[in-house]
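Residues per chain, in single letters:
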Amino acid sequence: MEPMVVVCVFYIAGKVQPILDLPGIPDFSLEQMALHAAVLTVALLGSYCGAPPVDPSSYDLKNYDVDSDTWDSYGELYDYDDLDEEIEVGTLAPPPSVTQPPSPVVHKHSTQEVTLPPSPTMPAVPPTLDFLGPGLFGPGTGLGMPTCLLCVCISGSVYCDDADLTQVPPLPKETTHFYARFNKLTEVKSKDFLNLNQLKRIDLTGNQISALDEDAFRSLPQLQDLLLADNSLQVLPELPDTMRHIDVRNNRLRSAGMHREAFKEMKDLQFLYLSDNQLDYIPVPLPDSLRVLHLQNNNIQSLNQDTFCNSHDINYVRKALEDIRLDSNPVDISRYTQAYVCLPRLPVGSPY
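Just so it is clear, the model here is predicted, and its values are computed rather than measured.

On to the overall build of the protein, then. The number of helices and strands found in the protein is 5 helices and 11 strands. Here the protein, with 352 residues, has 32% of them falling under the buried criterion. For the protein, the proportion of contacts with a sequence separation of at least 24, taken over those separated by at least 6, is 42%. Accessible surface, the protein as shown: approximately 24100 Å² in total, 56% of it carbon and sulfur.

So this is what it looks like as structure tokens:
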């Protein structure tokens, strides 16, 4: 048996003996007492051996009392009086103020919306053409759309081709060129081009025009080109002397429907297209400026010496007229040789 165990056994035995001497306690032999002391010792040693080992150096036994004194004086080191909250008048933060929205600034010249009572409904008025009314896109057409939205306006030119027009729309006053080809126009009125003093060209080719007011074009001071081909005209009204290009091909134009000496005063006329009509004679006199004269597919039956030349002036030469068409007419051009002596080229035609 280990020495420490022996010591523990005898120590316990010595402690137990006085207890056994008390009255009422049964008598035990020395061997029984030693056995009980040994069992008790083994139990105590098991508890001792099961505890984790402890390093004695981890305890500062020399300064143990110092640390305990420190704890005793801890209350003196901390001033608990600081916990008393001191409240001074005026030190509390003011309550948050509510920011009011800025009042609207009313200017002297500002306007305010005012709800007005509904106005009485007026009866609908059928649209009418306004030929003189101004507008951002030109005058209104009476169809709910300005001319320059219905048509195309580019730098003084108005293009209304193939737009199913049944009448000439009102045009801006600065219009210089007007194109309304391949529409459904049946007439041209005097007010259609009223006050259009800058208008130089009108092209109404490919419509169904059968009527022209007598003064439809006469009041246009700068008109130079008039194209009325492929219509149903029987009468050609008076035209201004400023004309340079006239095209009335493929109509129903008769000689009786033209003014006498209709082209005499047109000093700048260069192109005259009268083919595919029902003319009985050449409209003379013709201006010297004329370069092209087309009369094919008409009903011309005769010529004379003064048709192209001047019988009173044998030295007269018509230098500009180089293109004359007389083919498909009932006239024998070989019989009128004296009518071509002043021409630079002979006319085109068929001998009969």
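Past the structure itself, the notes keep going.
It is worth spelling out the side chain of arginine 318 at this point. Within the element layout of this structure, arginine 318 appears in the loop between β10 (292-294) and β11 (323-325). Residue classification places arginine 318 among the buried residues on the basis of a relative accessible area of 5%. Within the structure, the side chain of arginine 318 is placed 3.0 Å from the backbone oxygen of proline 287, a separation counted as a polar contact. In this view, arginine 318 contacts Leu286, Pro287, Asp288, Phe308, Cys342, Leu343 and Pro344; residues no more than four positions away in its chain are not counted.

Let's shift gears to the nonpolar core. With 57 residues, the main nonpolar core has Phe178, Phe193, Ile202, Phe217 and Phe308 as its most contacted residues. Those residues in contact with phenylalanine 217, other than ones at most four positions away along the chain, are Val188, Phe193, Ile202, Leu212, Leu223, Leu226, Leu228, Pro237, Leu239 and Pro240.

Okay, the state of the cysteines next. Summed over all chains, the structure comprises 3 disulfides. Residue pairing for cysteine 148: its cysteine sulfur links by disulfide to cysteine 153, the two sulfurs lying 2.0 Å apart. Across the S-S bond of cysteine 148 and cysteine 153 the torsion is about -90°, and the bridge reads as left-handed. Here cysteine 309 connects covalently by a disulfide to cysteine 342, the sulfurs 1.8 Å from one another. Taking the sign of the torsion about the S-S bond as the criterion, the disulfide between cysteine 309 and cysteine 342, at about -95°, is left-handed. Of the two residues, cysteine 309 is situated in the loop between β10 and β11 and cysteine 342 in the segment after β11; the sequence distance between them amounts to 33 residues. A residue is classified by how much of its surface remains accessible, and cysteine 342, at 2% relative accessible area, is buried.

Quick look at the layout of surface pockets now. Its volume calculated, the second largest pocket comes out at about 200 Å³. Lining the second largest pocket, in full, are Val284, Pro285, Leu286, Asp288, Asp306, Thr307, Phe308, Cys309, Asn310, Tyr316 and Arg318. Tallied by class, the residues present in the lining of the second largest pocket amount to 6 nonpolar, 2 polar and 3 charged.

Together, Val152, Ile154 and Tyr159 make up a nonpolar patch on the protein surface, roughly 260 Å² of accessible area in all. Mapping valine 152 onto the fold places it in strand β1 (residues 152-154). The class for valine 152 is partly exposed, based on a relative accessible area of 44%.

Mapped onto the elements of the fold, proline 330 is located in the segment after β11. Measuring from C-alpha to C-alpha, the distance between proline 330 and serine 350 comes to 8.6 Å, with 20 residues separating the pair along the chain.

Following the sequence through the fold, cysteine 148 ends up in helix α5 (residues 147-150). Separated by 21 residues in sequence, cysteine 148 and proline 169 have C-alpha atoms that sit 10.0 Å apart.

Bringing unusual backbone geometry into the picture now. Peptide bonds are trans in most cases, and residues, glycine excluded, mostly fall at negative phi. Cis geometry marks the peptide bond from valine 284 to proline 285, where omega comes out at -5°. With respect to the secondary-structure elements, proline 285 resides in the loop between β9 (271-273) and β10. Positioned with a positive phi, glutamate 261 is a non-glycine residue whose angle comes to about 50°. If you trace the backbone, glutamate 261 turns up in the loop between β8 (245-247) and β9.

With mixed pairing, 9 strands are arranged side by side in an open sheet as β1-β2-β3-β5-β7-β8-β9-β10-β11. Two strands in the sheet have a free side with no partner beyond their single neighbour: β1 and β11. The sheet shows a mean angle of 5° between the axes of neighbouring strands, direction not considered. Here strand β5 (residues 201-203) runs beside strand β7 (residues 225-227); their pairing, made up of 3 bridges, is parallel. Counted as the bridge partner of aspartate 203 is leucine 227 from β7.

What counts and what doesn't
- Residues numbered from 1 in each chain as written.
- Predicted model: local features only at pLDDT ≥ 70, side-chain atom pairs only at ≥ 80, totals over all residues.
- Heavy atoms only, no water.
- Helix = DSSP H or I, 4+ residues; strand = E, 2+ residues; numbered from the N terminus.
- Buried < 20%, exposed > 50% of the residue type's maximum accessible area, 1.4 Å probe, protein only.
- Contact = heavy atoms within 4.5 Å.
- Areas by Shrake-Rupley, 256 points an atom, 1.4 Å probe, with all protein chains shown as cover.
- Polar contact = N/O pair within 3.5 Å; in protein donor to acceptor, adjacent residues only side chain to side chain.
- Core = buried A, V, L, I, M, F, W, Y, C linked by side-chain atoms within 4.5 Å.
- Disulfide = S-S within 2.5 Å.
- 1 Å grid on protein atoms, 1.4 Å probe; cavity = no way out; pocket = protein on both sides within 12 Å on 5 of 7 lines; lining within 4 Å.
- Points joined across faces, edges and corners; volume = space filled by probe spheres on them.
- Nonpolar A, V, L, I, M, F, W, Y, C, P; charged D, E, K, R; others polar.
- Patch = residues over 30% accessible without salt bridge, like charges linked within 9 Å, V, L, I, M, F, W, Y side chains within 5 Å.
- Salt bridge = Lys/Arg side-chain N within 4 Å of Asp/Glu carboxyl O.
- Pairing = 2+ DSSP bridges.
- Axes fitted to C-alpha atoms, helices over the stretch in contact; angles between N-to-C directions.

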